[in-house]
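Report on the structure
The lines below spell out each chain.
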Amino acid sequence: MAQADKLTPREKDFSAWYVDLVQKAKLADYSDVKGCMVIRPNGYALWENIQRVLDGMFKETGHKNAYFPLLIPESYLKKEAEHVEGFNPQLAVVTHAGGAKLEEPYVIRPTSETIINRSFAKWIQSYRDLPLLINQWANVMRWEMRTRLFLRTTEFLWQEGHTCHETEEDAEQETRRMLEVYRRFAEDYMAMPVLAGQKSESEKFAGAVRTYSIEAMMQDKKALQAGTSHNLGQNFARAFETMFQGRDGKQHFVWQTSWGVSTRLIGGLIMTHSDDAGLVVPPKLASRHGVIIPIGRTPEERGPVLERAQALATDLRKAGLGVEVDDDDSKSPGWKYAEHELIGTCMRIELGPKDLAQNQCVMVRRDQRKKESVPLADAVATAQKMLDQMQRDLFAKAKAFRDSHTFEVNSYDELKQRADDGFLLAHWCVDPKCEKQIKDDTGITSRNRPFDLEQSPGRCIVCGKDSPGRLVFAKAY
RNA sequence: CGGGGCGUAGCGCAGCCUGGUAGCGCGCCUGCCUUGGGCGCAGGAAGUCGGAGGUUCGAAUCCUCUCGCCCCGACCA
């Protein structure tokens, strides 16, 4: 039975490992609805922590939460040409309600630019109403051919920020500001290093002028788009006549942005840090920081051990850590070790009669799994130190992995050869045709043009024409 | 939509070819015993065999239709 609960090793089959982990760590289940998943308490707790932190960041940047309808009149979507073209194949449409065919079908929102603009157009009259900074936490639906738990499901949870500005510059600044919030969140909380940069024309959001993204590398060297931020220009403003009277007394269209991250982040979290024993969660996003596993053969041994364990748990909780005592005596300590490694408890504390005799306990960090004896008097301080260090180590490890799998490639042959090696930095002439050819030939796509990459002109890797700089190319989720 | 796979107890599967009392492992419940890396023993509960139709004395098994899900491709956060 020990074998039965083990995950498929990453080396053997990364995607089987991922599916095993998601289900066995009780993060999510398949549901009876095609393409839709059930997010279980363990998985939802991660989402709640992500929400809590991000929501705080949005409040700090002055955004306010609101909620708009799930159903959008079909005609709204059609108002912005590129937008409807981009989303049409992915729409679920409600045609009947109340026992009758609807006059006009509703689409289930794939994103909310259109219906939100309907409101914005009513709310905004003057430049004094700007900037308008709104965020919505919601579910959206995009019909997918192929689904993958957390990474791509037909229904998913996300936040979508929508803002209106007086000038083009303000909108651009907002787009970049929120991308930076995402970058900070990914790196500081998820311990997931990302490349922030600009998407190519063909990879940008349907209806945007410019799209920026943060891109992370998973342990299988594939890229995950972890967040996007769009400068919408006046595209939606024109379609919905979202206008304001400017300082010059004339009517102007507002300049807009939108930006979002989704439950996909949970998939990124898993594929960045977890191992063959199970889930690894960065302490800053964990609810379950520690578990104390009491050990004892007889009631005489167990009594004092349990008492000490409870006292220790109380101390750790006072220090702000999520800590439980696993006192279920129908399970052996070994079983509990394996179980807590599987579900991603950040650290475990073993406490038995031998430890009590020496006034110590044994602490084990989830990411390293090395036993360390710690005097009980230092337990709280040591636990905090270990968790801090774990947070830093996870980021450093992920960054080292990404950096050692990032390469400059200078010929098309080299790019083809290295297609599975990770992030490839290559010159590209900005012609979508060359980008398309790379995709058709190798299956890899352009991720973004990283801001932090020092750029110098060169020659397009496909056609040899002038290139303004390098893009990151990679196989992507 | 093309190719492949699978629907039998909560989960994982066997049984189907060659029709005849629906099984195994894990989990679950009860009791005992154990506890420093997924303990052991005994007893127990639990199944419209995805659905519909057909063949047959008799169908999980054979035939027809159908529904669903998963994997691989085209599309995508």
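The structure displayed is predicted, hence computed values, not measured ones.

1. A look at the protein's contact with RNA strand B
Taken together, 41 residues lie near RNA strand B, and Lys34, Arg146, Arg152, Arg264 and Ser332 sit nearest. Among atoms of RNA strand B positioned within 4 Å of the protein, sugar and phosphate together represent 45%. One of the backbone nitrogen or oxygen atoms of Thr153 is found 2.2 Å away from a base nitrogen of RNA strand B. Among the secondary structure elements, those contributing two or more residues to the surface near RNA strand B are α10 (333–343), β17 (347–351) and α11 (353–357). No other element matches α10, which puts 7 residues into the surface near RNA strand B. Taken together, the residues of the surface near RNA strand B break down into 14 nonpolar, 9 polar and 18 charged.

2. Considering the domain arrangement of chain A
Bring the parts together and some accessible area is lost; that lost area is often taken as the interface size. Split by domain assignment, chain A resolves into domain 1 (14–273), domain 2 (288–385) and domain 3 (406–474). Each partner contributes residues to the interface: domain 1 has 5 residues there, and domain 2 has 4 residues. Roughly 320 Å² is buried in total at the junction of domain 1 and domain 2, and carbon and sulfur atoms are behind 49% of that figure. Among the residues domain 1 hides against domain 2, the three largest losses belong to Lys24, Ala25 and Asn42. Together they make up 73% of the total. Our enumeration of links across domain 1 and domain 2 arrives at 1 salt bridge. Counted by class, the side of domain 1 that touches domain 2 contains 2 nonpolar, 1 polar and 2 charged residues.

3. Structural notes on the pattern of salt bridges
Inspection of the entire model under this criterion finds 30 salt bridges. Two residues, Asp367 and Arg365, come together in a salt bridge whose shortest N-O distance is 2.7 Å. Among the residues examined, Arg365 registers a relative accessible area of 6% and is labelled buried. The partner of Asp393 in a salt bridge is Arg365, with the nearest N and O atoms 2.8 Å apart. Placement of Asp393 in helix α12 (residues 379–404) and of Arg365 in strand β18 (residues 360–365) is noted, with a sequence separation of 28 residues between them. Among the ionic contacts, a cluster of salt bridges with common partners joins Glu341, Arg348, Glu350, Arg369 and Lys371.

4. Points about the environment of Lys26
Assignment of secondary structure puts Lys26 in the loop between α1 (14–24) and β1 (28–30). We classify Lys26 as partly exposed; its relative accessible area is 34%. With sequence-adjacent residues up to four places away left out, Lys26 is seen in contact with Arg40, Asn42, Gly43 and Glu339.

5. A few points about helix α9 (residues 299–318)
In an α-helix, one turn spans 3.6 residues, which is why side chains three or four residues apart end up on the same side. Spanning 20 residues, α9 covers 28 Å between terminal C-alpha atoms, matching the ideal 28 Å at 1.5 Å per step. For α9, the full list of buried residues reads Arg302, Val305, Ala309, Leu312, Ala313 and Leu316. Down the axis of α9, the smallest arc covering the buried residues is 105°, so these residues share one side. Along α9, the residues that are exposed and aim more than 90 degrees away from the buried face are Glu300, Glu307 and Lys318. Positive backbone phi, at 90°, marks Gly320, one or two positions downstream of α9.

6. Quick word on the state of the cysteines
Counting across every chain of the model gives 0 disulfides. No disulfide involves Cys361; its sulfur sits 16 Å from that of Cys346, the nearest cysteine. You can call Cys361 buried: its relative accessible area is 0%. In this structure Cys460 is not part of a disulfide, and its nearest cysteine sulfur, from Cys429, lies 3.6 Å away. Accessibility expressed as a relative area gives 4% for Cys460, which makes it buried.

7. Let's talk about the side chain of Arg402
Within the secondary structure, Arg402 sits in helix α12. Those residues within four positions of Arg402 in sequence are excluded, and the remaining contacts are Pro193, Val194, Leu195, Met217 and Phe423.

8. Notes on the nonpolar core
If you look at the biggest cluster of nonpolar residues, it comprises 75 residues, and the most contacted ones within it are Leu54, Phe150, Phe185, Met192, Ile270, Ile292 and Met363. Considering each element in turn, this core owes the most residues, 7 residues, to helix α2 (residues 41–60). Built from parts of two domains, this core gets at least three residues from each of domain 1 (14–273) and domain 2 (288–385). Excluding its chain neighbours within four sequence positions, the residues that come into contact with Ile270 are Trp17, Tyr18, Leu21, Val22, Leu27, Phe150, Gln219 and Leu279.

9. A short note on the packing of aromatic side chains
Under the definition given, this model contains 12 aromatic pairs. A centroid spacing of 5.8 Å and a plane angle of 20° characterise the contact between Phe185 and Tyr189, whose relative ring orientation is stacked. Taken together, the positions of Phe185 and Tyr189, both in helix α6 (residues 168–189) and 4 residues apart, correspond to about one turn of that helix. A residue is classified by how much of its surface remains accessible, and Phe185, at 2% relative accessible area, is buried. Exposure remark for Tyr189: the relative accessible area of 25% places this residue in the partly exposed category.

10. Remarks on the sheet that holds strand β8 (residues 155–165)
Overall, mixed pairing links the 11 strands, which are arranged β3-β7-β8-β14-β11-β10-β9-β22-β25-β21-β20 in an open sheet. Two strands in the sheet have a free side with no partner beyond their single neighbour: β3 (64–65) and β20 (406–408). As paired elements, strand β10 (residues 210–217) and strand β11 (residues 223–233) share 8 bridges and run antiparallel to each other. When the sheet's bridge partners are listed, Ser213 is paired in β11 with Thr228.

The rules behind these values
- Residues numbered from 1 in each chain as written.
- Chains lettered and ligands numbered in written order.
- Predicted model: local features only at pLDDT ≥ 70, side-chain atom pairs only at ≥ 80, totals over all residues.
- Heavy atoms only, no water.
- Near = heavy atom within 4 Å.
- Polar contact = N/O pair within 3.5 Å; in protein donor to acceptor, adjacent residues only side chain to side chain.
- Helix = DSSP H or I, 4+ residues; strand = E, 2+ residues; numbered from the N terminus.
- Nonpolar A, V, L, I, M, F, W, Y, C, P; charged D, E, K, R; others polar.
- Domains from an automatic or database assignment.
- Contact = heavy atoms within 4.5 Å.
- Buried area = accessible area lost by both parts, 1.4 Å probe.
- Salt bridge = Lys/Arg side-chain N within 4 Å of Asp/Glu carboxyl O.
- Buried < 20%, exposed > 50% of the residue type's maximum accessible area, 1.4 Å probe, protein only.
- Expected span 1.5 Å × (residues − 1).
- Arc of directions from axis to C-beta.
- Disulfide = S-S within 2.5 Å.
- Core = buried A, V, L, I, M, F, W, Y, C linked by side-chain atoms within 4.5 Å.
- Phe/Tyr/Trp six-rings, centres within 6.5 Å; stacked < 30°, edge-to-face > 60°.
- Pairing = 2+ DSSP bridges.

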